[in-house]
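# What the coordinates show
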Amino acid sequence: METKKYSSYAAIERDLEILKLEKDINYQKLVLSFHRTKESITPQSIVGGVFSSYKEYFTRSYPQILQSILPYIINWFINKKRGK
């Protein structure tokens, strides 16, 4: 970082005020991020997240599951009608 040369105390005060405001903004961002994280880590959101991921998995693999189970279901109905 390059050393800054100031010509007046007003310039120093202005830069110090800017740095203070940047510090306050970053602190508030950190607090907001903490609160959002705290709110997102609830039992409802965790369970909902788990179920949504399983739902997404089964939705994508539904045709494959159906193709593997369908022959067994058809055979079961055929054998049931025949009385076996």
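Shown above is the structure to which this text applies.
I will try to describe carefully the structure that is included in this document. (Residues numbered from 1 in each chain as written. Predicted model: local features only at pLDDT ≥ 70, side-chain atom pairs only at ≥ 80, totals over all residues. Heavy atoms only, no water.)

## Remarks on a nonpolar patch on the surface
- A grouping of Tyr62, Ile65, Leu66, Ile69, Leu70, Ile73, Ile74, Trp76, Phe77 and Ile78 is seen on the molecular surface, where their side chains present a nonpolar patch of about 910 Å² in accessible area.
- You can see Ile74 is positioned in helix H2 (residues 43–82). (Patch = residues over 30% accessible without salt bridge, like charges linked within 9 Å, V, L, I, M, F, W, Y side chains within 5 Å. Areas by Shrake-Rupley, 256 points an atom, 1.4 Å probe, with all protein chains shown as cover. Salt bridge = Lys/Arg side-chain N within 4 Å of Asp/Glu carboxyl O. Helix = DSSP H or I, 4+ residues; strand = E, 2+ residues; numbered from the N terminus.)

## So, the pattern of salt bridges
- Tallied over the entire structure, the rule returns two salt bridges.
- A salt bridge links Asp15 to Lys4, with the shortest nitrogen-to-oxygen separation between them at 2.9 Å. On the criterion of sequence distance, the pair formed by Asp15 in helix H1 (residues 9–40) and Lys4 in the segment before H1 is long-range, its members being eleven residues apart.
- Judged by relative accessible area, which is 53%, Lys4 ranks as exposed. (Buried < 20%, exposed > 50% of the residue type's maximum accessible area, 1.4 Å probe, protein only.)

## What to know about the environment of Lys80
- Structurally, Lys80 can be placed in helix H2.
- Residues Lys80 and Ser68, twelve residues apart in the sequence, show an inter-C-alpha distance of 20 Å.

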